[in-house]
Amino acid sequence: MENHVTQISRDDLEDLREAFNKIDIDNSGFVSDFELQELFREASFSMPGYRVREIMETFIAGDTNKDEKISFEEFVSIYQELKSKEFSETFRKTITRRDGIRSFGGTSGNSSEGTQHSYSDEEKVAFVNWINKTLAKDPDCQHLLPMNPDNESLFASVRDGILLCKMINLSQPDTIDERVINTKKLTTFKMTENLVLALNSASAIGCMVVSIDAHDLMAGKPHLVLGLFWQIIKVGLFADIEISRNEGLIALLNDKESLDQLMSLSPEELLLRWVNHHLRNAGTSTISNFSDDIKDSRAYFHLLNQIAIEGEHDYKMSVKINMSGLNERDLDRRAELMLKQAARLDCRQFVSPHDVTSGNSKLNLAFVANLFNMHPSLQTVNGNYDLEKAQIEPETKEEKTFRNWMNSLGVSPYVNHLLCDLCDGLVIMQLYEKVNVPVNWKKVNSPPYSVLGAKMKKLENCNYAVELGRDVAHFSLVGIGGVNLNEGNRMHTLALVWQLMRRYTVLVLSDLGDGERVGDQIILGWVNSTLGQKRKDSQISSFKDKLISTSLPVINLIDVIAPGNVKWDMVRKGEKGWMKDDDKLNNAKYAISLARKIGARVYALPDDLVEVNPKMVLTLFASLMGHGLKKVNR
């Protein structure tokens, strides 16, 4: 049979070039093997990781250059071959037009082929109603709110970036210093600045934004807008569903279960257990999911009644749930009666009666999370536990930063608890690929694991992770073994994760793609020489220099590489080199948001500057260096 090769139209070729340039952030003309999956996703040709690895192995075998890098021409050749093969149909997005689903694609037959996307009307309505409620009093959003849930206004609302920035701060307060948001005389340039600020800030709180840019949002692409809003809203809804932030969750301990086991549960699992805790107290059947098991509204009626009963001692709660709706035979009408009771608790958000009866798991999860946040009703802690002896260790700021960094890269599964979620080595393997360390996936054990062999399989993965770090990445891992990662040893796990993050941060600075070639002194030298060009008086001796606590070196550096962005009336200078702690924090918040606004991907927190955390200070300056050099080389 003749192997027919699909010809690529001029429009498609331009689309592929645009996708390639988005991934080739250092403008080298090449992408690395670990970026290939991201490149396929950007080209609207997503496929699972194992298929990408197979493609890369075939490519390397026939690569005459043996450089394991892919040029644009080589990518087009791979893309053509994939489009020509029958199996490529497997990966095309087939859209089923059904009630509540909208689909859209390009304007021509060629450009829309294989690139259709869909979005859910139900999600759009839910998000619009949530945004209307939560930002109703925000003065900077009055030109947008209230939005009409029945039209496309949500997709247009993100164009100036203000709404996105506000939603990020709603989910994670103080992520963005709102003095940095452009709110007046909004030219296209100023709106783009806001969108860049929003995307970099979303990344800093753990949202995956690698396939989205400011142009996509300005164009209001529905599937991207809804996907980003869901990530942002979910971060806020799940923020307090964690034992170190809500000790009442200890009441959910099962018999013979350790606290560590409970703490390792994801927010979704904790929410399910919370619902079942109240259902057992009500003497009714439990549920195992937020889709099929809630369609008849029975679980919700009993949950609402139980949290109302347990909250009766609270002066805010004087609601008696009307349970007569359980007698209604029509499920849609029963769901409406249930939601009317939820409204009396000010919790009628995210779901319509149809969302309940159709079992929309995403929106029902959001509905339950909001219920928990408003009325957890977990006053009685398990009597077998003494809270002080339990020694619940809250997540440190450093751990949260590392976790958000990982999630922003799209690792799977999502990392909820840094130490226990890395104990099987799988997330670490994905991070190695992100920093250009090749992983032989044939040596990696993937779930599901057998009950008897699970621990050994996970330990083998962790041993391989340490081997890669020591022998291939040349990390300093003295005294660290696979067993330390497998057992969730805090010090040893963080030591490896830090070196992964450092390598990721400086990777873009090296033309050769080897992050280890850029040492601390090179970054420090660039900072001081750049400041010296404009005679700035805030040069630093090291990344531990106490002057960094004022954030003036960072703000001055931004002023040099992105002139006109610093509003000096916002900056506290101090007197005779001395500055109040409040002024230091004020400057740090301003500096971090400014860095993100000019386009630097920054994960450091304001506290990292005030406390002069040398690790995170290094990543901040490295990100600014990458941005500065990128501008120079354009």
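Residues numbered from 1 in each chain as written. Predicted model: local features only at pLDDT ≥ 70, side-chain atom pairs only at ≥ 80, totals over all residues. Heavy atoms only, no water.

## Section: the overall build of the protein
Argument step 1. The helix and strand tally for the protein stands at 30 helices and 4 strands.
Argument step 2. When the 634 residues of the protein are sorted by exposure, 53% land in the buried category.
Argument step 3. Within the protein, contacts between residues separated by at least 24 positions form 60% of all contacts whose residues are at least 6 apart in sequence.
Argument step 4. For the protein, the accessible surface area stands at approximately 30,100 Å², while carbon and sulfur atoms represent 48% of it. (Helix = DSSP H or I, 4+ residues; strand = E, 2+ residues; numbered from the N terminus. Buried < 20%, exposed > 50% of the residue type's maximum accessible area, 1.4 Å probe, protein only. Contact = heavy atoms within 4.5 Å. Areas by Shrake-Rupley, 256 points an atom, 1.4 Å probe, with all protein chains shown as cover.)

## A look at the packing of aromatic side chains
Each pair of aromatic rings is reported with the distance of its centres and the angle of its planes.
Argument step 1. In this structure the tally under the stated criterion is 7 aromatic pairs.
Argument step 2. Taking the centre distance of 6.4 Å and the plane angle of 25° together, the rings of Tyr432 and Phe475 count as stacked. Of this pair, Tyr432 sits in helix H22 (residues 426-434) while Phe475 sits in the loop between helix H23 (454-472) and helix H24 (482-486), placing them 43 residues apart in sequence.
Argument step 3. A relative accessible area of 0% means that Tyr432 is categorised as buried.
Argument step 4. With relative accessibility at 6%, the residue Phe475 sits in the buried group.
Argument step 5. A cation over an aromatic ring shows up here: Arg17 above the ring of Phe72, its NZ or CZ 3.8 Å from the ring centre. (Phe/Tyr/Trp six-rings, centres within 6.5 Å; stacked < 30°, edge-to-face > 60°. Lys NZ or Arg CZ within 6 Å of the ring centre and 35° of its normal.)

## Thoughts on the pattern of salt bridges
Working definition: two side chains of opposite charge can pair if their charged atoms are close together.
Argument step 1. This model, assessed by the stated rule, comprises 25 salt bridges.
Argument step 2. Residue Lys166 pairs with Glu178 through a salt bridge whose shortest N-O separation is 2.6 Å. Of this pair, Lys166 sits in helix H9 (residues 162-171) while Glu178 sits in the loop between H9 and helix H10 (188-204); the two residues are 12 residues apart in sequence, bridging distant segments of the chain.
Argument step 3. Given a relative accessible area of 36%, Glu178 falls into the partly exposed group.
Argument step 4. Put simply, Asp240 and Arg245 hold a salt bridge, and the shortest N to O gap is 2.8 Å.
Argument step 5. Judged by its relative accessible area of 33%, Asp240 is partly exposed.
Argument step 6. Among the charged side chains, a salt-bridge network with shared partners connects Asp138, Asp140, Lys166 and Glu178. (Salt bridge = Lys/Arg side-chain N within 4 Å of Asp/Glu carboxyl O.)

## A word on helix H27 (residues 552-561)
Argument step 1. Most of H27 is tucked away, with 10 of its 10 residues classed as buried.
Argument step 2. Among the residues of H27, Leu552, Pro553, Val554, Ile555, Asn556, Leu557, Ile558, Asp559, Val560 and Ile561 are the ones counted as buried.

## Points about the packing of helix H20 (residues 397-408) against helix H25 (residues 490-507)
Argument step 1. At a minimum axis distance of 11 Å, the contact between H20 and H25 shows a crossing angle of 50°. By the angle class used here, H20 and H25 are oblique. For the element pair H20 and H25, the recorded crossing hand is left-handed. Packed against H20, whose contacting residues are Glu398, Glu399, Thr401, Phe402, Trp405 and Met406, the element H25 presents Arg490, Leu494, Val497, Trp498, Leu500, Met501 and Tyr504 at the interface.
Argument step 2. Among the residues forming the contact of H20 with H25, the class breakdown is 9 nonpolar, 1 polar and 3 charged. (Axes fitted to C-alpha atoms, helices over the stretch in contact; angles between N-to-C directions. Parallel < 35°, antiparallel > 145°, perpendicular 65-115°, else oblique. Left-handed = near helix turned anticlockwise from the far one by under 90°. Nonpolar A, V, L, I, M, F, W, Y, C, P; charged D, E, K, R; others polar.)

## Digging into the side chain of Arg273
Argument step 1. With respect to the helices, strands and loops of the structure, Arg273 is situated in helix H14 (residues 267-281).
Argument step 2. Not counting residues up to four positions away in its chain, the partners in contact with Arg273 are Leu252, Leu253, Asn254, Glu257, Leu262 and Leu265.

## Focus on unusual backbone geometry
Argument step 1. Residue Pro146 follows Leu145 across a cis peptide bond; omega there is -5°.
Argument step 2. Position of Pro146 among the secondary structure elements: in the loop between helix H7 (121-134) and helix H8 (153-157).
Argument step 3. Following Ser412, the chain continues to Pro413 via a peptide bond in cis, the omega torsion being 5°.
Argument step 4. For Pro413, the position within the fold is in the loop between H20 and helix H21 (418-421).
Argument step 5. Positive phi outside glycine occurs at Val612, with the angle close to 50°.
Argument step 6. Assignment of secondary structure puts Val612 in the loop between helix H29 (606-610) and helix H30 (614-633).

## Quick notes on the packing of H9 against H10
Argument step 1. Running from N to C, H9 and H10 point in directions that differ by 25°, and their axes come no closer than 8 Å. One way to sum up the angle between H9 and H10 is to call them roughly parallel. The element H9 and its partner H10 pack so that their crossing is left-handed. Where H9 approaches H10, its residues Ile162, Leu164, Cys165 and Ile168 are matched on the opposing element by Asn194, Leu195, Leu197, Ala198, Ser201 and Ala202.
Argument step 2. Of the residues in the contact of H9 with H10, the class split is 8 nonpolar, 2 polar and no charged.

## Considering helix H26 (residues 520-533)
Argument step 1. The terminal C-alpha atoms of H26 lie 20 Å apart, and with 14 residues this matches the ideal 20 Å at 1.5 Å per residue to within 8%.
Argument step 2. Trailing H26 by a residue or two, Arg535 shows a phi angle of about 55°, which is positive. (Expected span 1.5 Å × (residues − 1).)

## Comments concerning the confidence of the model for the protein
The predicted coordinates ought not to be read in detail in places where the model reports low pLDDT.
Argument step 1. Looking at the protein as a whole, the pLDDT averages 86, with 84% of positions reaching at least 70.
Argument step 2. By mean pLDDT, helix H6 (residues 109-112) is the weakest element of the protein at 32, and H9 is the strongest at 98.
Argument step 3. Segment residues 1-5 is flagged for pLDDT under 50; beyond a separation of four residues in sequence, or across chains, it makes 3 contacts in the model.
Argument step 4. In this model residues 86-99 is a low-confidence stretch, pLDDT under 50, and it forms 22 contacts with partners more than four residues away in sequence or in other chains. (pLDDT = per-residue confidence, 0-100.)

## Side note on the side chain of Asn586
Argument step 1. Structurally, Asn586 can be placed in helix H28 (residues 581-597).
Argument step 2. Apart from residues lying up to four places away in sequence, Asn586 is in contact with Asp177, Arg179, Met570 and Arg572.

## Looking at the state of the cysteines
Argument step 1. Within the structure shown, the criterion is met by 0 disulfides.
Argument step 2. The thiol sulfur of Cys420 is not disulfide-bonded, and the nearest other cysteine sulfur, from Cys423, lies at 6.5 Å.
Argument step 3. With relative accessibility at 30%, the residue Cys420 sits in the partly exposed group.
Argument step 4. Here Cys423 falls in the buried class, since its relative accessible area comes to 18%. (Disulfide = S-S within 2.5 Å.)

## Regarding the environment of Val612
Argument step 1. Taking the relative accessible area as the measure of exposure, Val612 reaches 9% and is therefore buried.
Argument step 2. Here the alpha-carbon distance between Val612 and Lys546, two residues 66 residues apart in the chain, equals 6.8 Å.
Argument step 3. Aside from chain neighbours lying at most four places away, what touches Val612 is Phe543, Lys544, Asp545, Lys546, Ile548, Ser549, Asp607 and Val617.

## Considering the environment of Leu618
Argument step 1. Mapped onto the secondary structure, Leu618 falls in helix H30.
Argument step 2. Once the C-alpha coordinates of Leu618 and Lys544 are considered, the two residues, 74 residues apart in sequence, prove to be 9.4 Å apart.
Argument step 3. Residues contacting Leu618, with those up to four places away along its chain left out, are Trp498, Arg502, Asp520, Ile523 and Phe543.

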